[in-house]
Amino acid sequence: MIRNVVMMKMKPDFDASLLEELLARLRRMNCPGTMSYTADLDAGLREGNWTLAIVSDFVDVEAYRGYDSDHEHNQIRAELAPMIEEIARVQFAL
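Residues numbered from 1 in each chain as written. Predicted model: local features only at pLDDT ≥ 70, side-chain atom pairs only at ≥ 80, totals over all residues. Heavy atoms only, no water.

(A) Structural detail: the packing of aromatic side chains. A full pass over the atoms with the stated rule returns 4 aromatic pairs. Ring plane angle 75 degrees and centroid distance 5.8 Å describe the contact between Phe58 and Tyr64, whose orientation is recorded as edge-to-face. Accessibility classification places Phe58 together with Tyr64 in one group, the buried group. Taking the centre distance of 4.9 Å and the plane angle of 35 degrees together, the rings of Phe58 and Tyr67 count as tilted. For Phe58, a relative accessible area of 0% gives the class buried. Tyr67 sits in the buried class, given a relative accessible area of 4%. By way of ring pairs, the aromatic residues Tyr37, Phe58, Tyr64 and Tyr67 are connected into one cluster. (Phe/Tyr/Trp six-rings, centres within 6.5 Å; stacked < 30°, edge-to-face > 60°. Buried < 20%, exposed > 50% of the residue type's maximum accessible area, 1.4 Å probe, protein only.)

(B) Main features of the nonpolar core. Among the nonpolar cores identified, the biggest contains 22 residues, and Met8, Met10, Ile54 and Leu80 are the most heavily contacted of them. When residues of this core are traced back to their parent elements, those giving at least two are β1 (2-10), α1 (16-28), β2 (34-41), β3 (52-58), α2 (61-69) and α3 (71-80). In this view, Met10 contacts Leu19, Thr51, Leu52, Leu80, Met83, Ile84 and Glu85; residues no more than four positions away in its chain are not counted. (Core = buried A, V, L, I, M, F, W, Y, C linked by side-chain atoms within 4.5 Å. Helix = DSSP H or I, 4+ residues; strand = E, 2+ residues; numbered from the N terminus. Contact = heavy atoms within 4.5 Å.)

This is the structure in structure tokens:
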């Protein structure tokens, strides 16, 4: 199993309603081999946290690569990009 973790820090002037729409689209994606998918905004429990996180699990490397190259996923990425100040990603085997 492959776990994918992505954290994004949005620019101060990001469009919150557009971000919510893009997160909803990400949550509706149904790529083959996806075991679980969570994408949400920070709960605001600590000062200085990043804006949002995505944690997703895939049955194997091929399923992750399918998600990574998915057309809809890449369209959402392109729409998010102008709002992102920093992004961190990691994938690891469980």
